[in-house]
Amino acid sequence: MTDTKDAGSADNGVNVGALLAAREAVSETPEAAQFKWRATCAWQNGTHSRSSVEGYFGLGDEQRHKREFVFDADHPETFAAEDNGATPVEYVLVGLASCLTAGVASVAQNRDIQLKSVTATLEGDMDIQGILGADADVRNGFNAIKVTYQIDADASADDIEALVAQSQKRSAVYDIITNPTNVTVEVE
């Protein structure tokens, strides 16, 4: 991989100018940076549920996506389920992969690095004895998550490593997974 591009020639489809303007705007008006993301989930049958996201609060007002996004979740047939969707823990991996990869593209655009291809492969190790109640000493969640990137870009190996490191540093989902988050569960 060689660094033969002209200054300002990278086009990874990220509007860095808008991102930098947003950063400037929220530094001047910190209350605009307070977002509330929402999802709804409805049980379908068995372990199958259907979740959707459509609206959220941000920039001081209610916002809407261009359309509603719907996600089916279920457990695989090996868990005596119908396999009507990805498992919830697979959605966690998808969220992490998507967040880190969006960061790679954004940082590359900002650093004028042209990406040719980016692929992340994630593996989450889990001992299901915990969630099955077979061993109370086994945690219910992942024991470890491994993210492996294959990135082809007009940049040195060190520059690519730096892209991934900066993406990891700024990733909301990486932070959610690696740091405790207060979660409240209520029944109305």
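For the structure itself, look to the data block above.
Asker: Please provide a residue-by-residue account of the overall build of the chain, values included.
Answerer: Across its full length, the chain holds four helices and six strands. Its helices and strands in sequence order give the chain the pattern α-β-β-β-β-α-β-β-α-α, from N to C terminus. With the principal axes as the frame, the chain shows a C-alpha extent of 60 × 40 × 30 Å. Taken over 188 residues, the chain has a buried fraction of 23%. Put simply, 54% of the contacts in the chain that link residues at least 6 apart link residues at least 24 apart. When the accessible area of the chain is evaluated, it comes to approximately 13100 Å², of which 50% is carbon and sulfur surface. Of the side chains in the chain, 14 bear a positive and 30 a negative charge, and the two mean positions are spaced by 6 Å.

Asker: Quick one: what's the story with the packing of helix α1 (residues 16–28) against helix α2 (residues 88–110), residue by residue and with numbers?
Answerer: Where α1 meets α2, the axes come as close as 10 Å, and the angle between the chain directions of the two elements is 95 degrees. As far as their axial angle goes, α2 and α1 are roughly perpendicular. On α2, the residues that touch V16, L19 and L20 of α1 are S106, Q109 and N110. Residues that form the contact of α1 with α2 fall into these classes: three nonpolar, three polar and no charged.

Asker: Please give an account of helix α3 (residues 157–170) that cites residues and values.
Answerer: The terminal C-alpha atoms of α3 lie 20 Å apart, and with 14 residues this matches the ideal 20 Å at 1.5 Å per residue to within 8%. Taken together, the buried positions of α3 are I160, L163 and S167. Across the axial projection of α3, the buried residues extend over an arc of 50 degrees, all falling on one side. Structural note: α3 exposes A157, D158, E161 and K169 on the side pointing more than 90 degrees away from its buried face. In the core, the buried residues of α3 are packed alongside α2, β5 (115–125) and β6 (144–153).

Asker: Would you mind going over unusual backbone geometry in detail, with residue names and values included?
Answerer: With a phi angle near 60 degrees, L59 is a residue other than glycine that sits in the positive phi range. On the secondary structure map, L59 appears in the loop between β3 (48–58) and β4 (61–73). A residue is classified by how much of its surface remains accessible, and L59, at 55% relative accessible area, is exposed. One non-glycine residue, D83, lies in the positive phi region at around 60 degrees. Within the fold, D83 resides in the loop between β4 and α2.

Asker: Break down a nonpolar patch on the surface for me, with residues and values.
Answerer: A cluster of nonpolar side chains, F79, I128, I131 and L132, forms an exposed patch at the surface whose accessible area comes to about 360 Å². With respect to the helices and strands, I131 occurs in the loop between β5 and β6.

Asker: I'd like a rundown of the nonpolar core, residues and numbers included.
Answerer: I113, L115, I151, A153 and L163 are the most contacted members of the largest nonpolar core, which totals 18 residues. Listing elements by their share of this core, those giving two or more residues are α2, β5, β6 and α3. Counting residues per element, this core draws most heavily on α2, at eight residues.

Asker: Summarise the pattern of salt bridges; cite the residues concerned and give the values.
Answerer: Inspection of every chain in the model, using the stated rule, returns four salt bridges. R64 is the salt-bridge partner of E54, the closest N and O atoms lying 3.2 Å from each other. Pair noted here: E54 is in strand β3 and R64 is in strand β4, with a separation of 10 residues, a long-range link. You can call E54 partly exposed: its relative accessible area is 31%. One salt bridge connects K116 with D154, and the closest N-O pair in it is separated by 3.1 Å. Here D154 lies in the loop between β6 and α3 and K116 lies in strand β5, a separation of 38 residues in the sequence.

Rules used throughout
Residues numbered from 1 in each chain as written. Predicted model: local features only at pLDDT ≥ 70, side-chain atom pairs only at ≥ 80, totals over all residues. Heavy atoms only, no water. Helix = DSSP H or I, 4+ residues; strand = E, 2+ residues; numbered from the N terminus. Buried < 20%, exposed > 50% of the residue type's maximum accessible area, 1.4 Å probe, protein only. Contact = heavy atoms within 4.5 Å. Areas by Shrake-Rupley, 256 points an atom, 1.4 Å probe, with all protein chains shown as cover. Lys, Arg positive; Asp, Glu negative; His and termini not counted. Charge placed at Lys NZ, Arg CZ, Asp CG, Glu CD. Axes fitted to C-alpha atoms, helices over the stretch in contact; angles between N-to-C directions. Parallel < 35°, antiparallel > 145°, perpendicular 65-115°, else oblique. Nonpolar A, V, L, I, M, F, W, Y, C, P; charged D, E, K, R; others polar. Expected span 1.5 Å × (residues − 1). Arc of directions from axis to C-beta. Patch = residues over 30% accessible without salt bridge, like charges linked within 9 Å, V, L, I, M, F, W, Y side chains within 5 Å. Salt bridge = Lys/Arg side-chain N within 4 Å of Asp/Glu carboxyl O. Core = buried A, V, L, I, M, F, W, Y, C linked by side-chain atoms within 4.5 Å.

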